[in-house]
Amino acid sequence: MSTTRPCSPGDRGPESGDGGASAVSARSGAPVDSMTPVDVDDAGPAPASVGREVRTLGLVGESGVVPLARDFARQALYAWGWLPAASADRRAAAEDVLLVVSELVTNACLHAEGPDELRISCDNKVLRIEVSDRGAGQPAPRTPHRAGRPGGHGMFIVQRLCLDWGVVRMPGVAGKTVWAELGAPA
């Protein structure tokens, strides 16, 4: 697995080498730099030199993965001070994170072979969600978007709520990682 956007738009510089991943930003369609991920357990933060706190949850073989993923994300938000929310804006930001987690994990359930892993990382400015799966499909917002039509709204919601999102594929490895980034509350 590899993450795809080592820096938020204009905020951070690259953290390490490219790791050989192929990555594209869904907003611009342009390739983005990749980085080699830092391995951490699901309870510990990333090393201080990286400047990001990271939590990882394995989902292979688990049942009820969508509520499991939301609960995991909620615990991370509490640990990182997003919750309990002191204002309506902070509460909305936390709810957006939980919704994006739900949508990405649900898409992996519906359109891939189920999610393998959920990875959430956060610094002072950006929260990044990554869901890895073994599917070959390419997520995209349904176009044209029709609000009254059932289903197919997941990536449209992700696109509307996030600063950016995209897909990473490793050469020679089945599957992909779908990532999305949201701005931290002020």
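Now for a quick tour of the structure. (Residues numbered from 1 in each chain as written. Predicted model: local features only at pLDDT ≥ 70, side-chain atom pairs only at ≥ 80, totals over all residues. Heavy atoms only, no water.)

Side note on the pattern of salt bridges
The following threshold applies: Definition used for salt bridges: Asp or Glu carboxyl oxygen within 4 Å of a side-chain nitrogen of Lys or Arg. Helix and strand definitions here come from DSSP, where helices need a minimum of 4 consecutive H or I residues and strands a minimum of 2 consecutive E residues; each element is numbered from the N-terminal end.
Evaluation of the coordinates by the stated rule reveals 6 salt bridges. A salt bridge links R128 to E130, with the shortest nitrogen-to-oxygen separation between them at 2.8 Å. With a shortest N-O distance of 2.8 Å, K176 and D133 are connected by a salt bridge. Linking K176 in strand β6 (residues 176–183) with D133 in strand β4 (residues 126–133), this pair joins segments that are 43 residues apart in sequence.

Remarks on the nonpolar core
The nonpolar side chains of a soluble globular protein tend to be buried with one another. Quick reminder of the rule: Buried residues of nine kinds, namely Ala, Val, Leu, Ile, Met, Phe, Trp, Tyr and Cys, make up a nonpolar core once their side-chain atoms join them within 4.5 Å. Only protein chains enter the area calculation, which uses a 1.4 Å probe; residues under 20% of their type maximum are buried, those over 50% are exposed, and those in between are partly exposed. For this analysis, residues touch if any pair of their heavy atoms sits within 4.5 Å.
Counting residues in hydrophobic clusters, the biggest one holds 34 residues, and the most contacted among them are V101, L104, L118, L127 and I129. Considering each element in turn, this core owes the most residues, 9 residues, to helix α2 (residues 88–111). Not counting the four nearest positions on each side in its chain, L104 is found in contact with I129, V131, M155, V158, V178 and A180.

Some details on the packing of helix α1 (residues 65–79) against α2
Two quantities define a packed helix pair, namely the angle between the helix axes and the distance between the axes. Note the following rule: Angular values range over 0 to 180 degrees, each being the angle between N-to-C directions of two axes fitted as lines to C-alpha atoms, with helices fitted over their stretch in contact. For classification purposes, an angle smaller than 35 degrees is called roughly parallel, one larger than 145 roughly antiparallel, one from 65 to 115 roughly perpendicular, and anything else oblique. Here a crossing is taken to be left-handed if its near helix is turned anticlockwise relative to the far helix by less than a right angle, and right-handed if that turn runs clockwise. Side-chain classes follow a simple rule in which Ala, Val, Leu, Ile, Met, Phe, Trp, Tyr, Cys and Pro form the nonpolar group, Asp, Glu, Lys and Arg form the charged group, and the remainder, Gly included, forms the polar group.
At a minimum axis distance of 9 Å, the contact between α1 and α2 shows a crossing angle of 150°. Comparing their axes, α2 and α1 come out roughly antiparallel. Crossing angle aside, the handedness with which α1 passes α2 is right-handed. Contact with α1, carried on its side by V65, V66, A69, R70, A73, R74 and L77, involves A94, V97, L98, L99, V101, S102, V105, T106 and C109 of α2 and no other residues of that element. Class assignment for the residues of the contact of α1 with α2 results in 12 nonpolar, 2 polar and 2 charged.

Structural notes on α1
The cut-off we apply is this: Expected helix span is taken as 1.5 Å per residue step, with the number of steps being one fewer than the number of residues. Note that the arc is computed from the directions linking the helix axis to the C-beta atoms.
With 15 residues, α1 extends 21 Å between its outermost C-alpha atoms, agreeing within 8% with the 21 Å of an ideal straight helix rising 1.5 Å per residue. Of all the residues in α1, the buried ones are V65, A69, F72, A73, A76 and L77. Across the axial projection of α1, the buried residues extend over an arc of 140°, all falling on one side. On its buried side, α1 packs onto β2 (53–58), α2, β3 (115–122) and β4. Just past α1, the residue G81 takes up positive phi, approximately 85°.

Things to note about the environment of G135
Of note, G135 is situated in the loop between β4 and α3 (154–161). On the accessibility criterion, G135 (4% relative accessible area) is buried.

Side note on the pairing of strand β5 (residues 164–169)
Test applied: A pair of strands counts as paired when DSSP detects no fewer than two bridges linking them.
Here β5 lies mainly inside the structure; 5 of its 6 residues are buried. Examined bridge by bridge, β5 and β6 share 5 bridges and lie antiparallel to one another. The residue bridging V168 from the neighbouring strand is T177, located in β6. Between β5 and the antiparallel strand that follows it, β6, lie 6 residues; G172 among them carries a positive phi value of about 80°.

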